[in-house]
Structures are given as structure tokens and as C-alpha cells.
Amino acid sequence: MRFKPDLTWADVTPKADFLNRRQLMKGAAAMGIGSIGGATMASANAPASIYSTDEEPNTLEEISSYNNFYEFGTGKDEPAEHAYRLTTSPWTVEIDGLVDNPGMYDLNDILSQVTIEERIYRFRCVEAWSMVVPWNGFELRQLLERVGVQSSAKYVAFETLVRPDEMLWQNYDILEWPYREGLRLDEAMNPLTIMATGLYGEELPKQNGAPMRLVVPWKYGFKSIKSIVKISLTEEEPETSWNMQNAREYGFYSNVNPEVSHPRWSQASERRIGGGFFATRQPTQMFNGYEQYVASMYDGMDLSENF
Ligand code: MTE
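Cut-off values and rules
- Residues numbered from 1 in each chain as written.
- Predicted model: local features only at pLDDT ≥ 70, side-chain atom pairs only at ≥ 80, totals over all residues.
- Heavy atoms only, no water.
- Helix = DSSP H or I, 4+ residues; strand = E, 2+ residues; numbered from the N terminus.
- Buried < 20%, exposed > 50% of the residue type's maximum accessible area, 1.4 Å probe, protein only.
- Contact = heavy atoms within 4.5 Å.
- Areas by Shrake-Rupley, 256 points an atom, 1.4 Å probe, with all protein chains shown as cover.
- Phe/Tyr/Trp six-rings, centres within 6.5 Å; stacked < 30°, edge-to-face > 60°.
- Lys NZ or Arg CZ within 6 Å of the ring centre and 35° of its normal.
- Near = heavy atom within 4 Å.
- Polar contact = N/O pair within 3.5 Å; in protein donor to acceptor, adjacent residues only side chain to side chain.
- Nonpolar A, V, L, I, M, F, W, Y, C, P; charged D, E, K, R; others polar.
- Salt bridge = Lys/Arg side-chain N within 4 Å of Asp/Glu carboxyl O.
- Core = buried A, V, L, I, M, F, W, Y, C linked by side-chain atoms within 4.5 Å.
- Pairing = 2+ DSSP bridges.
- Axes fitted to C-alpha atoms, helices over the stretch in contact; angles between N-to-C directions.
- pLDDT = per-residue confidence, 0-100.

Some words on the overall build of the protein chain
Broken down by element type, the protein chain carries eight helices and 14 strands. Going through the 307 residues of the protein chain one by one, you find that 56% of them count as buried. Look at the contacts in the protein chain between residues 6 or more apart in sequence, and 71% of them connect residues 24 or more apart. Summed over all atoms, the accessible surface of the protein chain reaches about 13500 Å², with 50% contributed by carbon and sulfur.

Set out below in C-alpha cells:
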């Protein structure tokens, strides 16, 4: 079974004036505008999400020029330089495993069935830098509910595209391609977990994981896998790229935790990108500040381990 498309990206034209919108939101009442990130906002008066931070977002320039996307190079400035090669349309996402409706889904079909909203999230990389990012996207649970998760499913596995002609660093053994990530099913269904399709009301820049990437704001950034082409519902914990590369340093869960050091550096504080060279580091928050929404999922788990 396929989603029935009633809206395609071609139908989606107006570009939101984000700055203007921020001013409006700060002023009278929270106002939404037009369409963002590949689908129409549910309501022209959509209130700001309760999950959004009111911290000042990083600039689009900062968010799209300091990246980790090893398929396009290992330097922070390399993805912005090389990701233009990626063809993002058409884009198909295979959904398989323990679901009622497995299949190859056109991204346009998926986007026609979900509600895109803005989520301004803190984003904390395991390397101890951070940003505040105004994503546009939809809750992953909307997609999972549509395809029908079977009761035996316990995990969700994700894969990035493999296309070495466009993703030139896939010709090197930096990581085992495709880049893979995974979540426990309850983590995937948590309302904080989104599939991002836009930034600042515009289509997602390719270096940020276009056309669709995961964002899990209470986990270290490497869990937020980019340019996703495959989603599998599984019974077993899936293999994940950084864990396969170095299991001692990168656990499957990798929840942000200032009290558990990375084997090679402290995680107690972070450098906010854009703060300038002399900016003081700021303390890292437990679960990156999302404790109230996610901590209960880990009741009974030993949080003193880098798991
Ligand atoms: N996804 C893929 N496919 N390849 C990658 O190299 N890097 C991860 C994550 N997702 C990565 C990826 C890491 S380490 C981080 S910190 C974030 O993407 C960076 O996201 P950003 O560039 O949008 O800030």
C-alpha cells in the first residue's frame, strides 16, 4: 500500500519570511506563516511548539557551514562545499521489517500525510559543540503510525543513501557505508523525535541532510542521521555506525549526559557555535535540557555509564 499523494513539493511555493515571523511571534501572538520545509503548516495561526526553546537560534549561515556529514568530507566546512552534488529529487524511502504496510514510499507521498511544524531545538554534538536550530519537520511517530508498527517491533533502524558518485567520501573507508543509526521504539515515538525537512522555513540545505533527516535533541548529534532512504522496524537492537566504529566511545543510547565523560574529553560543558572565540563555555544540561520529556524512558537504567 502507498500513501496517496495529494500534494507534491511542486505545489509548495511560498517561502516564509522567518525573521519577520520571529518578530511577530515575539510581538502580539504567536503567528505561523505559509508553508515550510516541503508541506503546508497545519494552521496559519499555529502556536509555537511547547517543545521549542526560546534561546536565540544560530544563523542559517552558521548552521549550514559548520557540519558533520562524512559522506561529503571529514572537515567541518567540507559538507557545505561538496553536498551540492547530491540529487535529492526524486527521493524514495523504503520502509520494511515489522510493519503492516512495507514499501517504497515517495517522499512527496509521505509529506502529504504529515504535519510539518517548526521546532527550535538545542543540538549538542558529542564533540562538545552546540547550536540552536529552528528545524521544520514532522514527528516521526506520525509516519510510524501510518505504516502500522507491529507489536513485535522494538527498535527502528535508519540508513543514509549510498551513492558514491555524488557522496564522494563513500569511496573511502572512513566509516562502513551506509551510515546507520537506530532508536528504541519508544524513543522513536517520543513527540520530541522529528524528521526534519527544512530549516528557517526553507528546504533543508543538502549539507544538513536533505531531503529528510532525523533529529533527536536529547541525544548526541551523531544519532541524528541524515539523508534517510531506509527505515526498518526490528526486534533486535540495530547496528549503528559510530558504535560499530568504536563501541567504547559511542554507545547505542548516547543520551546527552554532562556527568559521563567521553573517554577522551569531558562532556560537562559545551561551546556554542557563533559565540566567538572568547565566548565562555556553557554547562551541558542532562538530556540536553529535555529531561522532563524523556527521563522516564530510562527509569531503572544505569545513567553513570557511557551506554
Ligand atoms: N548522518 C550521516 N549520514 N553522516 C554523518 O556523517 N554526522 C552526524 C549526524 N548525522 C552524520 C550524520 C553527526 S556526528 C552530527 S554532530 C550531526 O549529523 C551534524 O548535523 P549538522 O551538520 O546538521 O549540524
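Topic: the packing of aromatic side chains
With the rule as written, the count across this model stands at 13 aromatic pairs. Measuring from centroid to centroid gives 5.0 Å for Tyr51 and Tyr293, while their planes differ by 80°, and the two rings are edge-to-face. In this pair, Tyr51 is assigned in the loop between strand S2 (39–40) and helix H2 (60–63) and Tyr293 in helix H8 (residues 291–294), connecting sequence segments 242 residues apart. A centroid spacing of 6.1 Å and a plane angle of 90° characterise the contact between Tyr253 and Tyr298, whose relative ring orientation is edge-to-face. Here Tyr253, found in the loop between helix H7 (241–245) and strand S13 (269–272), pairs with Tyr298, found in the segment after H8; they are 45 residues apart in sequence, far enough to count as distant. Put simply, the rings of Tyr155, Phe252, Tyr253, Phe287 and Tyr298 pair up and form one aromatic cluster. In this structure, Arg122 packs its charged tip against the face of Tyr290, placed 4.6 Å from the ring centre.

Thoughts on the site of the ligand
Around the ligand sit 17 residues in total, of which Asn67, Tyr70, Glu71, Thr160 and Lys226 are the nearest. At 2.8 Å, a side-chain N or O of Asn67 approaches an oxygen atom of the ligand. Surface burial for the ligand is 97%, taken as the share of its 530 Å² of free accessible area covered by protein chains. Partitioned by chemical class, the residues of the shell around the ligand number eight nonpolar, six polar and three charged.

Section: the pattern of salt bridges
Scanning the entire structure with this criterion turns up 16 salt bridges. We note a salt bridge from Glu117 to Arg119, for which the minimum N-O separation is 3.1 Å. The exposure class of Glu117 is partly exposed, given its relative accessible area of 23%. When its relative accessible area of 1% is taken as the criterion, Arg119 is described as buried. Where Arg141 meets Glu139, a salt bridge forms, and the shortest distance between an N and an O atom there is 2.6 Å. The class of Glu139 is buried, set by a relative accessible area of 8%. Here the salt bridges share partners, and the residues they tie into one network are Glu55, Arg122, Arg124, Glu270 and Arg272.

A look at the nonpolar core
Of all hydrophobic cores here, the largest spans 74 residues; its most connected members are Trp135, Phe138, Phe158, Met195, Leu214, Trp218 and Ile231. With five residues, the single largest contributor to this core is strand S6 (residues 129–139). Filtering out sequence-adjacent residues up to four positions away, Trp218 remains in contact with Glu187, Asn190, Leu192, Thr193, Asn255, Val256, Phe287, Asn288, Tyr290, Val294, Met297 and Tyr298.

A look at the sheet that holds strand S7 (residues 155–160)
Strand order in the open sheet formed by five strands is S4-S3-S12-S7-S8, with mixed pairing between adjacent strands. This sheet does not close on itself; its edge strands, each paired only once, are strand S4 (103–106) and strand S8 (180–184). For this sheet, the mean angle separating the axes of adjacent strands, direction not counted, is 20°. The pairing of strand S3 (residues 92–97) with S4 spans four bridges and is antiparallel.

Topic: the confidence of the model for the protein chain
In this model, the protein chain carries an average pLDDT of 88, and 85% of its residues clear a pLDDT of 70 or more. Across residues 1–43, where pLDDT falls below 50, the model places 100 contacts with residues more than four positions away in sequence or in other chains.

Focus on the pairing of S8
Most of S8 is tucked away: five of the five residues are buried. Residues Arg180, Gly182 and Arg184 of S8 are buried on one face, and the alternating residues Glu181 and Leu183, pointing to the opposite face, are buried as well. Pairing of S7 with S8, which is carried by five bridges, proceeds in the antiparallel orientation. Across the sheet, residue Phe158 finds its bridge partner in S8, namely Glu181.

Considering unusual backbone geometry
Residues Ser89 and Pro90 are joined by a peptide bond in cis, for which omega reads 0°. Take Pro90: it is sitting in the loop between helix H3 (78–82) and S3. The omega torsion of the bond from Trp177 to Pro178 falls at 0°, within 30 degrees of zero and hence cis. Looking at the element boundaries, Pro178 is found in the loop between S7 and S8. One non-glycine residue, Tyr200, lies in the positive phi region at around 50°. Relative to the assigned elements, Tyr200 resides in the loop between strand S9 (194–199) and strand S10 (202–203). Even without a glycine there, the phi angle at Phe287 is positive, about 50°. Positionally, Phe287 belongs in the loop between strand S14 (282–283) and H8.

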